[in-house]
Amino acid sequence: YGDIYPVTIGGRIVAIIISFLGVGMVAIPTGIISAGFVESYTKINRIAFVEEERLVNFISGVLDANHPWVGKKVRDIVFPPETVLAVVVRDEEEMVPKGDTELKAGDVIVLGAADFDDITGIRLMERIVKNEHDWVGVPIKMLPISRQELIIAIKRGKRVIVPTGDTIIKSGDELIIYSKDISSAK
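Reading guide: rules and limits
Residues numbered from 1 in each chain as written. Predicted model: local features only at pLDDT ≥ 70, side-chain atom pairs only at ≥ 80, totals over all residues. Heavy atoms only, no water. Pairing = 2+ DSSP bridges. Helix = DSSP H or I, 4+ residues; strand = E, 2+ residues; numbered from the N terminus. Phe/Tyr/Trp six-rings, centres within 6.5 Å; stacked < 30°, edge-to-face > 60°. Buried < 20%, exposed > 50% of the residue type's maximum accessible area, 1.4 Å probe, protein only. Polar contact = N/O pair within 3.5 Å; in protein donor to acceptor, adjacent residues only side chain to side chain. Contact = heavy atoms within 4.5 Å. Salt bridge = Lys/Arg side-chain N within 4 Å of Asp/Glu carboxyl O.

Participant: I keep staring at the pairing of strand β6 (residues 149–156) and nothing clicks. Help me out?
Facilitator: The side chains of a regular strand alternate, first on one face of the sheet and then on the other. Pairing of β6 with strand β7 (residues 159–161) involves 3 bridges; the strand directions are antiparallel. Residue pairing in the sheet places K155 in a bridge with V160 of β7. Where β6 hands over to β7, the hairpin turn is made up of 2 residues, of which G157 adopts a positive phi near 70°.

Shown next, in the form of structure tokens:
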């Protein structure tokens with residue numbers, strides 16, 4: 001209450017240091033927490049009222065010499081709706097393509113597309129098969145999957161395979177699985 005206070009110079013210096021430490025113990029964390037709160041609030045407010053965020057999915061592939069896009073400029077290619085050519089990797093150099101960029105055999109292209117809205121009960125999943133998986137060495141027609149699921153593509157190394165029932169699953173395969181979710185279908 002002010003009735004006890006330091007009298008000596010050393011006591012006053014210690015009291016000042018302790019006072020600063022006491023204020024700092026409260027002020028510094030309060031500033032950090034409130035700055036984080038303001039940043040989060042601003043982001044939520046911006047997303048809710050100003051802009052909409054959507055996930056973008058990417059797929060990559062290598063153009064072989066027979067691909068119809070080889071030798072064409074990006075502006076002359078008709079891409080699927082709501083799809084964009086995001087990146088071209090040529091000789092280990094990444095470049096953002098412009099309209100006059102000509103695609104060449106051996107280019108790795110990365111296409112981006114908006115996230116698929118699951119309003120129809122359709123789901124696309126990617127499943128990577130590892131060494132220990134029960135599916136390794138088993139033909140697709142023998143896999144224990146639902147009749148509501150279908151393996152539509154297999155990425156094996158740099159190749160993309162459109163499978164048949166006799167296609168055998170190998171370790172490291174990336175399976176693209178189409179699934180009709182009957183519980184959410186209309």
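Picking up where we left off.
Participant: Looking at this model, I keep getting lost on the packing of aromatic side chains. Mind explaining?
Facilitator: Given two aromatic rings, one states the distance between the centres and the angle between the planes to describe the pair. Taken as a whole and judged by the stated rule, the model has 2 aromatic pairs. Residues F37 and Y41 carry aromatic rings whose centres are separated by 6.3 Å and whose planes lie at 20° to one another, so their mutual orientation is stacked. Of the two residues, F37 and Y41 both sit in helix α1 (residues 9–49), 4 residues apart, roughly one turn of that helix. Given the relative accessible area of 58%, F37 is considered exposed.

Participant: How do you make sense of the side chain of D173 when you look at a structure like this?
Facilitator: Within the fold, D173 resides in the loop between β7 and β8 (174–180). Looking at D173, the relative accessible area reads 1%, which means it is buried. Of the polar contacts made by the side chain of D173, one reaches the side chain of R156; its length is 2.8 Å. Within the structure, D173 has its side chain in polar contact with the backbone nitrogen of K170 (distance 2.8 Å). For D173, the residues in contact, after removing those within four places along its chain, are R127, I128, V129, I154, K155, R156 and I168.

Participant: How do you make sense of the pattern of salt bridges when you look at a structure like this?
Facilitator: Any two side chains of opposite charge can pair, on the condition that their charged atoms come close. Across all of its chains, the model carries 3 salt bridges by this definition. In this structure, the salt-bridge partner of R90 is D107, at a minimum N-O distance of 2.7 Å. Here the residue R90 occupies a position in strand β2 (residues 83–90), and D107 occupies one in the loop between β3 (93–95) and β4 (108–114), the gap between them amounting to 17 residues. Of the residues examined, R90 reaches a relative accessible area of 18% and is grouped as buried. We note a salt bridge from D173 to R156, for which the minimum N-O separation is 2.8 Å. A residue pair is termed long-range when its members are at least 10 positions apart, and D173 in the loop between β7 and β8 and R156 in strand β6 qualify at 17 residues.

Participant: Looking at this structure, how should I read the environment of D100?
Facilitator: In this structure, D100 sits in the loop between β3 and β4. For D100, a relative accessible area of 47% corresponds to the partly exposed category. Distance in space between the C-alpha atoms of D100 and K73 is 5.4 Å, their sequence separation being 27 residues. The residues contacting D100, other than those within four sequence positions of it, are K73 and R75.

The quantities given are spatial measurements derived from coordinates; they are silent on function.
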